[in-house]
Structure formats: C-alpha cells, structure tokens
Amino acid sequence: MIQIKVPVGQSIEKRHMSKPKLLRDVVVVVVAKIVLVIAAGVFVFGPAERPRIDSASVASRLIGQPDSPPPSRNRTP
Amino acid sequence: MNIDMDVVQLSRLQFGLTALYHFLFVPLTLGLAVLLGIMESVYVMTGREIWKQMTRFWGLLFGINFAMGVATGITMEFQFGMNWAYYSHYVGDVFGAPLAIEGLMAFFLEATFIGLFFFGWDRLSKQAHLAVTWLVALGSNLSALWILIANGWMQNPVGARFNPDTMRMEVTDFMAVLFNPVAQAKFVHTVSAGYVTGAVFVLSISAFYLLRGRHVELAIRSMTVAASFGLASALSVVVLGDESGYTAGENQKMKIAAIESMWETEPAPASFTIFGLPNQALHRTDYELRVPWMLGLIATRSIDKKVPGINELVAEAGQRVRSGLVAHAALETLRTDRANTAARTRLSEHGADLGYALLLRKIRPDIANAAEADVQAAAWSTVPAVSPLFWSFRIMVGLGFFFIALFTLAFYLASARKLRAYPLFLKIAMCSLPLPWIAAELGWIVAEVGRQPWVIDGVLPTFLAVSSLSAGNVLTTLIGFIGFYSALLVVDIYLMIKTVRLGPDVFAPE
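Predicted model only: the values in this text are computed from it and were never measured.

Undergrad: How should the nonpolar core be read in this particular structure?
TA: The tendency in soluble globular proteins is for nonpolar side chains to be buried side by side. W58, Y87, Y90 and L460 of chain B are the most contacted members of the largest nonpolar core, which has 133 residues in total. Looking at this core, the element that brings in the most residues is helix α7 (residues 181-212) of chain B, giving 15 residues. In this view, Y90 of chain B contacts V58 and L62 of chain A together with F162, M167, R168, M169, L354, V459 and L460 of chain B; residues no more than four positions away in its chain are not counted. Core analysis: the next-biggest nonpolar cluster, separate from the first, contains 25 residues, V314, A317, A378 and V446 of chain B among them.

See below:
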C-alpha cells in the first residue's frame, strides 16, 4: 500500500525509491508480467486458440457455399 | 445451455461493452493531459508553487485513469483477432495499419513520457518536465487520431479496393485513408469532447472542495483554468459535432435519416424533429415537433438540397442489392476461374455494391437465387435501430449545450472572482461530474449503432465479420470481462475517491 503522508522534505518518490527496494519491486513486477504474458500467450492467444481464417474460408462465408466446419480451433477452452 | 442470443449478438455485446467501458477513461485522459500542460506552463512561467502542486495533484488522478485506459484498450485490439477473425482477414490490411501506427507512434510516446512525468519532478529541469507533460498530451491526442482514422474508415471506407484473389480489402491510397473527412471530423469532435470531460472533472472536484472550504487556493485556480478551457472546448465540441454531422450527411445518409427518424424525403430544406416517438414497426414518427429548415441547414448547409428519408434510402439500397448480386455472381465465377476476364470486369463494375448482396446471407444461404422479397428484406435491413439513435443523439446534443451554459457561467464567476459566492452554482457544477461521460458514451452509440448493419459501411455486414466460435465460448469471455471490469471499476473509483478526499495534501509535507 502506498503510504500517503510523508515526512517533511521527502517526496513520495524518494521515500519509495531506495535502490534495493526499487530493484526488488521492478524485478517482481517484470517477472510477474512475463509469466502472465506467456501464460496468456499459451492458454488464450496461442495458435491453437486462434481462429484461423484464410481466403478460402472468407470466400466460403461470403459466396455462400455451405460453410466448412469452423476452421478455427484445434481445441476448445 | 440454452442461449437466447447468437454468437453475433454476443460478440457485438462484448465489443460494445468493452468499448464503452474503455471510453470511460479515454476522454478524461485526453482532457486532463492538456489541462496538466496548461497548469504546468503557468508554473514554469510564474514559478509559483501552487501551480506545481495543482499539476501534481491532478496528474495523480490522471495517472490512475491512464492506467485503466491502457488496460482496457488492449483487450479491444485482441478481440479483433479472437471474435472478429473474418473482419480481421477481410479488412486487416487497411484497418490494421492505423492501429499499428497508434501503438508504435502515439502509445510508445505517451507511455515513455508518462513515466518521466511522474518520476521526473526532482530529476528534470522545469522546462524539460514541462516538455514531458506536453509530450504526454501530444501522445494521448495522437493516439486518438490513429484510432479514429481506423474507426473513420469503418464509417467511410475510402482509399481501398476489394481483391477477389486474396478476398481482402487492400489499400490503394493511404493518404485518402489518413485524410478521410469522416475520420478527421470524428477526431476533432471526439478530442474536444475529451477536453470538455477533463474540464468538467476539474470543475466538479474543485466545486466540491470549495463547498467544503478545503484546498481553496487550488480549487479556485483549478476552476478558473477549467472554466476557460472548458468554455472553449464546449463551444468547439458543438461546432465540430456539426461538422461531424455534415460529413455523416454526405457519406452515411441512412445514419442521419435514422437519427432524425425521418421516413419520407421532405422538400428542401428539411425540418428537424425536436421531439417525437419513433415507430420503426410502422415506419413513422408519432407526436412530432418539428423546426422548419433546421435539418436541411445542418446536414446539407444549403436551402435547396434534400435530405433523403429512410424509405427513399431503402429503395436505393434495394437497387444496390440487385447490383451487388451481379458482383456476387462474378466473384463466384472468379473463385473457380481466375482467368475469366468478363467476370473480373463485371466485378469491377458492380464491386461497390457487393456488400449489399452480402446482406442476403442473413436471409438465405443461396443468395444467387434471391427473390424480390429477399431483396426487399435485405434493403430494409440497412435501417439501424431508430429509437436508440434518435434519443441518444438528442440527449448528447442537449448535454453539449448544457456544458456551454455551465462553462459560460463558470467563466463569468471566475473572471469576477465570485466563485465562492454562489454555492448553488458550485452544487450544480459538482453534480455535473457524470454528464460528459454520458454524452461521450451516447455519442459512440450514435456512431456505432448508426453504422449497423455494417461493420464496414456498405462493404461488410456485421454478421459476416464474426469468428466461427460457439456462443458458449463468447458468453464465457463476456462474463469474464464483466466480472473483471467490474472489479477494476471498483478499484478505480476507490483510488479516485481516496485521492480526491486527500486532495493536494497527498504531496504536501506534514
């Protein structure tokens, strides 16, 4: 939690920016973000989850020939 | 599970909700960024600490809002690929470019300098920090520019053509996309609406402080800045909204007719319906109260040009459906015989109407065999939902004029140094806080509901753009979005209220 009241002469930034603590916070945040992005990439936005559309499937939808089965996903979440 | 709505409606609902939610944060970012630049400029010019305190206080609220705006904006871009895959394939070559430029140019600029804004107070010279603040404002506005160029192309798809070999729209004239009159009009209108939002935000919270007798110095100065900036912005938003309406009148006649609930074409100049009850089922407007000439002057800027009514536009749409069927047949031929020059020529001649024939896909799968009744049904499907447009537009415009009155009064009281003498005005100003958001959201409803049934106006019907997902999948993500965004909203409001309650003391020594 950010502590709002700060001692005289010290800005919030200075109080919270001692180098070891800043380094630790930055590392934790960066690692957490990398883990989240990789997890999202694998489980949510990965190729297996991504709808696959090509010119043939677009033609099928627009021209009105019977739609091929959903060309999209290898697995269902 | 029995789901009432199909995947198209669910995908539309999800995108609509996430877009409206995202736009809770965007206008405040746009407006506050410029206000911060103004406040800090005064600080650098005068050297008075109160202006630095103001910049830092409002900057903290800006930061909370900015973080939310970024988080909610990114998910929308993912939806293009996940929920609107056919759309992304069909128009991605055109639509993707401004989105990519927005990320690389505007957002990187914004994101880089916002860090310097918060952490650079004790590390940069006054002038350098001021430059950083203005660069954040510039980045925010550039970001809006590129997004609205993308959206403007959805409303008025210029500078591109359909390639039957790749089944995609491809850019033919990037300058036409960039200087699309619809996009430019939307940009200035949207940005000025953002400035109004920022100004109302500062005005309302400052009014709250004055009513409580707290942070008086900061509140009076903030109100003075907000009043003058807000008055200029509120006047601009109405004038530029008129420009936006005029460009829509030129390029999206059905949207204008639906906003007016105007079924029949009137002799020029058309009258404007101030009040009425649209009856879409019976194709009429009940209890109309009309102002002569007004619509003609607004939509055509002339007294001799007609504004076509819905019935006339539906008849035109019917013609375009028939023409589109020729293009559709030619495309079908080309898919099996790419060397067929006759088919290519027919497609080229009727290609502008291909989208209208695609509307038939909702009515029957074998559109080549469409009967006249099908053509009529497709033509009538080009009429968007009239009532939401009619009322959204009128409430938005009414609020626009209210903001002019509010800021005029605020400007007068600030100039006469009488802000504290009129508590009733302060209460009205404080209670006005949600109004610019209501106006902005209604503006987007007018823009996007008015574009229906198209995702790209006249080119691609919305129902063909959606991914081949199951309704259950979309419902799951929709529920996830609602849950997650509700949690984010609670956090955002908590942080905002906490910061406002503390006021500028958040930075002051004990």
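Undergrad: Can you walk me through the pairing of strand β3 (residues 272-279) of chain B in this structure?
TA: Looking along a regular strand, one sees the side chains alternate between the two faces of the sheet. Residue and element names in this part refer to chain B. In this structure, β3 lies alongside strand β4 (residues 284-291), joined through six bridges in antiparallel fashion. Looking at the pairing, F275 lines up with L289 of β4. Linkage of β3 to β4, two consecutive antiparallel strands, is achieved through a turn of four residues, within which H283 is found at a positive phi near 55 degrees.

Undergrad: Please explain the pattern of salt bridges as it appears in this structure.
TA: Any two side chains of opposite charge can pair, given that their charged atoms come close. Residue and element names in this part refer to chain B. For the structure shown, the criterion picks out 16 salt bridges over all chains. As a salt-bridge pair, D242 and R301 come within 3.2 Å of each other at their nearest N and O atoms. With D242 in helix α8 (residues 216-251) and R301 in the loop between α10 (294-300) and α11 (310-336), this pair connects stretches of sequence that are 59 residues apart. Judged by relative accessible area, which is 29%, D242 ranks as partly exposed. Its relative accessible area of 40% is what places R301 among the partly exposed residues. E243 is paired through a salt bridge with R301; the nearest N and O atoms lie 2.8 Å apart.

Undergrad: Can you help me understand the environment of T46 of chain B in this one?
TA: Residue and element names in this part refer to chain B. Within the fold, T46 resides in helix α2 (residues 26-46). Taking the relative accessible area as the measure of exposure, T46 reaches 44% and is therefore partly exposed. There is a polar contact of 3.2 Å between the side chain of T46 and the backbone nitrogen of R48.

Undergrad: Sorry if this is basic, but what is going on with unusual backbone geometry here?
TA: What you tend to see is this: most non-glycine residues have negative phi, and most peptide bonds are trans. All names here are of chain B. Cis geometry is found at the peptide bond from A268 to P269, where omega equals -10 degrees. Relative to the helices and strands, P269 is located in the loop between α9 (253-260) and β3. The step from Q452 to P453 runs through a cis peptide bond, and the omega angle for that step is 15 degrees. Within the secondary structure layout, P453 lies in the loop between α17 (435-449) and β5 (454-456). The residue Y287 is not glycine, and still its phi comes out positive at about 50 degrees.

Undergrad: Any chance you could explain the packing of aromatic side chains here in plain terms?
TA: Aromatic rings considered in pairs are described by the distance between their centres and by the relative angle of their planes. The final tally for this structure, using the stated rule, is 23 aromatic pairs over all chains. Here the aromatic residues F57, W58, F201, F208, Y209 and W437 of chain B are joined through ring pairs into a cluster of three or more. Positioned over the ring face of Y86 of chain B is R61 of chain A, at 3.7 Å from the centre of the ring. Seen from the ring of Y246 of chain B, R301 of chain B lies directly overhead, with NZ or CZ sitting 4.1 Å from the centre.

Undergrad: When you look at the environment of V449 of chain B in this model, what are you seeing that I'm missing?
TA: Residues and elements named next belong to chain B. The residue V449 is located in helix α17 in this model. Here V449 falls in the partly exposed class, since its relative accessible area comes to 21%. Separated by 338 residues in the primary sequence, V449 and A111 have C-alpha atoms spaced 32 Å apart.

Undergrad: What is the right way to look at the side chain of T300 of chain B in this model?
TA: Residue and element names in this part refer to chain B. Relative to the elements of secondary structure, T300 occurs in helix α10. At a separation of 2.5 Å, a polar atom in the side chain of T300 contacts the main-chain carbonyl oxygen of G296. A polar atom in the side chain of T300 sits 3.0 Å from the side chain of S302. Leave out the neighbours within four places in its chain, and T300 touches Y246, L295, K305, K306 and V307.

Undergrad: What's the story with the packing of helix α3 (residues 55-63) of chain A against α11 of chain B in this structure? I'm lost.
TA: Running from amino to carboxyl end, α3 of chain A crosses α11 of chain B at an angle of 145 degrees, the nearest separation of the two axes being 11 Å. Seen along the crossing, α3 of chain A lies across α11 of chain B with a hand that is left-handed. For the pair α3 of chain A and α11 of chain B, the contacting residues are S55, A56, A59, L62 and I63 of chain A in the first and H328, L331, E332 and R335 of chain B in the second. For the contact of α3 of chain A with α11 of chain B, the residue count by class is five nonpolar, two polar and two charged.

Undergrad: Hey, could you run me through the confidence of the model for chain A in this one?
TA: Detailed reading of the predicted coordinates is not advisable wherever pLDDT falls low. Residue and element names in this part refer to chain A. For chain A, per-residue confidence averages 69 on the pLDDT scale, and 60% of positions sit at 70 or higher. Across chain A, the element-wise mean pLDDT spans from 50 in helix α1 (residues 12-16) up to 88 in helix α2 (residues 19-43). Here residues 1-14 is a poorly scored stretch, pLDDT under 50, and it has 27 contacts once near neighbours within four places are set aside; other chains count. This model gives residues 66-77 a pLDDT under 50, and the stretch forms 26 contacts once residues within four places in sequence are excluded.

Undergrad: Looking at this structure, how should I read α9 of chain B?
TA: For an α-helix, the turn length of 3.6 residues means that residues three or four places apart are oriented alike. All names here are of chain B. With seven of eight residues buried, α9 is to be regarded as a mostly interior element. The complete set of buried residues in α9 reads M254, K255, I256, A257, A258, I259 and E260. Looking one or two places after α9, you find S261, whose phi comes out positive at around 50 degrees.

Undergrad: Honestly, the side chain of N141 of chain B in this entry has me stumped. Any pointers?
TA: Mapped onto the secondary structure, N141 of chain B falls in helix α5 (residues 126-155). Relative accessible area serves as the criterion here: at 11%, N141 of chain B is assigned to the buried category.

Undergrad: In this structure, what is going on with the packing of helix α3 (residues 49-82) of chain B against α8 of chain B? I would like to understand it.
TA: Packed helices, taken two at a time, are described by the angle between their axes plus the distance between the axes. All names here are of chain B. Following both chains from N to C, one finds α3 and α8 inclined at 75 degrees, their axes separated by 10 Å at the closest point. The orientation of α3 relative to α8 falls into the category roughly perpendicular. Residues I50, W51, Q53, M54, F57 and W58 of α3 lie in contact with α8, whose contacting residues are E217, L218, R221, S222 and V225. Residue classes in the contact of α3 with α8 are distributed as seven nonpolar, two polar and two charged.

The rules behind the values
Residues numbered from 1 in each chain as written. Chains lettered and ligands numbered in written order. Predicted model: local features only at pLDDT ≥ 70, side-chain atom pairs only at ≥ 80, totals over all residues. Heavy atoms only, no water. Core = buried A, V, L, I, M, F, W, Y, C linked by side-chain atoms within 4.5 Å. Buried < 20%, exposed > 50% of the residue type's maximum accessible area, 1.4 Å probe, protein only. Helix = DSSP H or I, 4+ residues; strand = E, 2+ residues; numbered from the N terminus. Contact = heavy atoms within 4.5 Å. Pairing = 2+ DSSP bridges. Salt bridge = Lys/Arg side-chain N within 4 Å of Asp/Glu carboxyl O. Polar contact = N/O pair within 3.5 Å; in protein donor to acceptor, adjacent residues only side chain to side chain. Phe/Tyr/Trp six-rings, centres within 6.5 Å; stacked < 30°, edge-to-face > 60°. Lys NZ or Arg CZ within 6 Å of the ring centre and 35° of its normal. Axes fitted to C-alpha atoms, helices over the stretch in contact; angles between N-to-C directions. Left-handed = near helix turned anticlockwise from the far one by under 90°. Nonpolar A, V, L, I, M, F, W, Y, C, P; charged D, E, K, R; others polar. pLDDT = per-residue confidence, 0-100. Parallel < 35°, antiparallel > 145°, perpendicular 65-115°, else oblique.

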